[in-house]
Amino acid sequence: MIFLKTQDEIELLRQANLLVSATLAEIAKTIQPGVTTRQLDTLAETFIRDHGAEPTFKGFPNPYGSPFPASICTSVNHVVVHGIPDDEPLRDGDIVSVDCGTHLNGFCGDSCYTFCVGEVKPEVRELLRTTKESLYKGIEAAITGHRLGDIGHAVQTHCENAGYGVVREFVGHGIGRDMHEEPQVPNYGRQGTGKTIKNGLCIAIEPMITLGTHELAMLPDRWGVVTRDHQPAAHFEHTIAIHHGKADILSSFKEIEEIERQKQ
Ligand code: MG
Ligand code: MG
């Protein structure tokens, strides 16, 4: 069942998402060669709890194994999603998708950003740029009267036209009091198919895009998912609400992008 949200609920959802965005901005300030993903996780958990929220991911159940042990997912290079933070120092040229979730005042935030560590190869930077663009193409397609297939179609065509792979096994989702609500929001699809987009619909759109094949394999920890050809993958995610007929983006990359500009 899809729970359409009231304006008051959307504002609560915005607060939870802006806290995710602020957390990701703290990571943007800190991430550099030599830093470990475990350090980023500690930073994120402290920041989230200091702001009166819970990190949604911590203890998240896994149908295949043990609950998620950390507050953020850190997926490095060929890890697509659900990477577990560890003590391996990040190296110059790495990319890291940091996915973060909060639970604040009864509502969930969920957003992801793929960061560059030091100097990243131009072809990988291009993958990141196109993946982020495809997120906004998907958001543009999220207007009342359109269907969910229009969102997936917009993401898929933008990325496939650039020669990239579109991950099928993991998709965006409804979001509200629960992090994962109906409907599923695939990053592929046909125009004019799927559920109709209505005011009050709140969803996370999250393209996961690969430089090579979109085929995946699971790591032995039963969380991390990698590309089968070990080529890099990018992942950008916003939570949006449909309001007055179009998308209101509840999370924000503004501060992250400002920090990235200052670093250049
Ligand atoms: Mg996420
Ligand atoms: Mg999500």
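Relevant structure appears above.
So, a few notes on the structure that sits alongside this text.

Criteria and cut-off values
- Numbering of residues starts from 1 in each chain and follows the order in which that chain's sequence is written.
- Each chain is given a letter, starting from A, and each ligand a number, starting from 1, according to the order in which they appear as written.
- Confidence filtering applies because this is a predicted model: local features only for residues at pLDDT of at least 70, side-chain atom pairs given and counted only at 80 or more, and all residues used for totals across whole chains, interfaces and linings.
- Calculated side-chain values reflect all of the structure's heavy atoms, with hydrogen atoms and water omitted.
- Axes here refer to lines fitted to C-alpha atoms; in helices the fit is confined to the stretch in contact. Angles between the N-to-C directions go from 0 to 180 degrees.
- By the criteria applied, helices consist of DSSP H or I runs no shorter than four residues and strands consist of E runs no shorter than two, each listed in order from the N terminus.
- Each angle is binned into one of four classes, with values under 35 degrees roughly parallel, values over 145 roughly antiparallel, values of 65 to 115 roughly perpendicular, and all other values oblique.
- For this analysis, residues touch if any pair of their heavy atoms sits within 4.5 Å.
- Polarity classes work like this: nonpolar for Ala, Val, Leu, Ile, Met, Phe, Trp, Tyr, Cys and Pro, charged for Asp, Glu, Lys and Arg, and polar for all others, with Gly in that last group.
- Only N, O and S atoms count as donors, using a 2.8 Å cut-off from the metal and 3.2 Å for Na, K and Ca, and because water is excluded some sites may appear unfinished.
- A simple rule labels every residue: compare its accessible area, found with a 1.4 Å probe on the protein chains alone, to the largest value its type can have, and call it buried under 20%, exposed over 50%, or partly exposed in between.
- Grouping buried Ala, Val, Leu, Ile, Met, Phe, Trp, Tyr and Cys residues that are joined through side-chain atoms within 4.5 Å yields what is termed a nonpolar core.
- Think of a polar contact as two N or O atoms within 3.5 Å of one another; within protein, one of them needs to be a possible hydrogen donor and the other a possible acceptor, and neighboring residues in sequence only count if both atoms come from side chains.
- Here the aromatic set is Phe, Tyr and Trp, taking the six-membered ring for Trp, and pairing holds for ring centres within 6.5 Å; pairs whose planes are under 30 degrees apart are stacked, those over 60 apart are edge-to-face, and all others are tilted.

## Describing the packing of helix H1 (residues 7–30) against helix H5 (residues 254–263)
For any two helices packed against each other, one specifies the crossing angle of their axes together with the interaxial distance.
Here's step 1: The N-to-C vectors of H1 and H5 enclose an angle of 10°; their axes lie 8 Å apart at closest approach. Considered as vectors, H1 and H5 are oriented roughly parallel to each other. Of the residues in H5, those in contact with Leu24, Ala25, Ala28 and Lys29 of H1 are Glu255, Ile256, Ile259 and Lys263.
Here's step 2: Residues that form the contact of H1 with H5 fall into these classes: five nonpolar, no polar and three charged.

## Describing the coordination of the magnesium ion (ligand 1)
Here's step 1: Within the protein, the magnesium ion (ligand 1) binds to Asp99 (OD), Asp99 (OD), Asp110 (OD) and Glu237 (OE); these donor distances fall in the range 2.0 to 2.6 Å.
Here's step 2: The metal-metal distance between the magnesium ion (ligand 1) and the magnesium ion (ligand 2) comes to 3.2 Å, with Asp110 coordinating both. Pair noted here: Asp99 is in strand S4 (residues 95–104) and Asp110 is in strand S5 (residues 107–116), with a separation of eleven residues, a long-range link. Per residue, the accessibility class of Asp99 equals that of Asp110, and both read buried.

## Focus: the nonpolar core
Here's step 1: Ranked by internal contacts, the top residues of the largest apolar core, which has 53 residues, are Leu24, Ile27, Phe115, Ile151, Ile205, Ile240 and Ile256.
Here's step 2: With seven residues, H1 is the largest single contributor of residues to this core.
Here's step 3: Setting aside its immediate chain neighbours within four residues, Ile256 contacts Leu24, Ala25, Ala28, Tyr113 and Phe115.
Here's step 4: Formed by 14 residues, the second largest nonpolar core is a distinct cluster that contains Ile10, Leu13, Ala70 and Met179.

## Remarks on the side chain of Thr210
Here's step 1: Mapping Thr210 onto the fold places it in strand S10 (residues 208–210).
Here's step 2: Within polar-contact distance, the side chain of Thr210 engages the backbone oxygen of Gly212 at 3.1 Å.
Here's step 3: Residues in contact with Thr210, not counting those within four places in the same chain, are Leu127, Tyr164, Gly165, Val167, Thr227, Pro232 and Ala233.

## A word on the packing of aromatic side chains
Here's step 1: Under the definition given, this model contains five aromatic pairs.
Here's step 2: Geometrically, the ring pair formed by Phe68 and Trp223 is edge-to-face, given 5.0 Å between the ring centres and 85° between the ring planes. Of the two residues, Phe68 is situated in the loop between strand S1 (54–55) and strand S2 (72–76) and Trp223 in the loop between strand S11 (216–218) and strand S12 (225–227); the sequence distance between them amounts to 155 residues.
Here's step 3: Exposure remark for Phe68: the relative accessible area of 3% places this residue in the buried category.
Here's step 4: Relative to Phe253, the ring of Phe236 has its centre 6.2 Å away and its plane inclined at 70°; by these criteria the two rings are edge-to-face. Of this pair, Phe236 sits in the loop between strand S13 (233–235) and strand S14 (238–243) while Phe253 is found in the loop between strand S15 (246–249) and H5, placing the two residues 17 residues apart along the sequence.
Here's step 5: A relative accessible area of 1% means that Phe236 is categorised as buried.

## Quick word on the coordination of the magnesium ion (ligand 2)
Metal coordination angles have textbook ideals: 109.5 degrees for a tetrahedral set of four donors and 90 or 180 degrees for an octahedral set of six.
Here's step 1: Within the protein, the magnesium ion (ligand 2) binds to Asp110 (OD), His173 (NE2), Glu206 (OE) and Glu237 (OE); these donor distances fall in the range 2.1 to 2.2 Å.
Here's step 2: Within one chain, the residues donating to the magnesium ion (ligand 2) are spaced in sequence as D-x62-H-x32-E-x30-E.

Geometry only, nothing functional implied.
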